[in-house]
Amino acid sequence: WQERVKAAIVNERTRQEGENMFTALNGHARIQAQYATVAEAVAYIEKNLAVETDLAGNLDYFYQIEKSTKIRLAGLSQLSSQPANPDEPFRAIPFSLRLTGPYPQILSFLRALETGPRLIRMKSYRFVQNDPEAIDGLSLDLTVEMLGRP
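The present account deals with the structure reproduced in this document.

About the cut-offs
- Residues numbered from 1 in each chain as written.
- Predicted model: local features only at pLDDT ≥ 70, side-chain atom pairs only at ≥ 80, totals over all residues.
- Heavy atoms only, no water.
- Helix = DSSP H or I, 4+ residues; strand = E, 2+ residues; numbered from the N terminus.
- Expected span 1.5 Å × (residues − 1).
- Buried < 20%, exposed > 50% of the residue type's maximum accessible area, 1.4 Å probe, protein only.
- Arc of directions from axis to C-beta.
- Contact = heavy atoms within 4.5 Å.
- Salt bridge = Lys/Arg side-chain N within 4 Å of Asp/Glu carboxyl O.
- Polar contact = N/O pair within 3.5 Å; in protein donor to acceptor, adjacent residues only side chain to side chain.
- Pairing = 2+ DSSP bridges.

A few words on helix 4 (residues 103–115). Relative to the 18 Å expected for 13 residues at 1.5 Å per residue, helix 4 spans 18 Å between its end C-alpha atoms, a close match to the ideal helical length. Residues of helix 4 that are buried include every one of Ile106, Phe109, Leu110 and Leu113, and no others. Burial along helix 4 is one-sided: seen end-on, the buried residues are contained in an arc of 95 degrees. Projecting away from the buried face of helix 4 at angles above 90 degrees are the exposed residues Pro104, Arg111 and Thr115. Residues of helix 4 that are buried in the fold lie against helix 3 (55–69), strand 3 (91–101), strand 4 (120–129) and strand 5 (138–149).

And the structure:
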């Protein structure tokens, strides 16, 4: 009788393992598709990381957005960042920007930053209304961080 109970327990355990394996096999195609999507996203991020020492390339990214949105970039500087933690594969590269122009163009610039290929976090901003009669009636002081390699 005890042998039969032991066999039933082993049988139940084996059945559970089989069901788990069957569930995993059924989801294999979905898991592979998700893995491919994640791998593609990681490759895209890696390709678009800024390099902290490439000052010209980093600033040019903002100048290209300036050109496409027709905003006036009155000030742009790459700020010094915090010392790199050797265990971290990424770092935040800070920038200070000053934009002047009409409100729709400032919004276009912000949208381009938000949807562009580089990952950018806006840290602080300040809108200032210049001369209300002027065509470039607004200024925006902006501090951002760009994801990059040390």
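Okay, the pattern of salt bridges next. Summed over all chains, the structure comprises eight salt bridges. The closest approach of N and O atoms between Arg121 and Glu145, which form a salt bridge, is 2.5 Å. You can see Arg121 sitting in strand 4 and its partner Glu145 sitting in strand 5, a full 24 residues away along the chain. Arg121 gets classed as partly exposed once you look at its relative accessible area, which sits at 48%. We classify Glu145 as buried; its relative accessible area is 17%. With a shortest N-O distance of 3.0 Å, Arg126 and Asp141 are connected by a salt bridge. Placement of Arg126 in strand 4 and of Asp141 in strand 5 is noted, with a sequence separation of 15 residues between them. Through salt bridges with shared partners, one network takes in Glu12, Arg15 and Glu19.

Time to look at the side chain of Asp141. Looking at Asp141, its side chain comes within polar contact range of the side chain of Arg98, at 2.4 Å. Apart from the residues lying within four places of it in its own chain, the contact partners of Asp141 are Leu97, Arg98, Ser124, Tyr125 and Arg126.

Within strand 3, eight of the eleven residues are buried, leaving the element largely enclosed by the surrounding structure. The pairing of strand 2 (residues 72–78) with strand 3 spans six bridges and is classified as antiparallel. By the bridge assignment, Ser77 is partnered in strand 3 with Ser96. Pairing of strand 3 with strand 5 involves eleven bridges; the strand directions are antiparallel. Residue pairing in the sheet places Leu99 in a bridge with Leu140 of strand 5.

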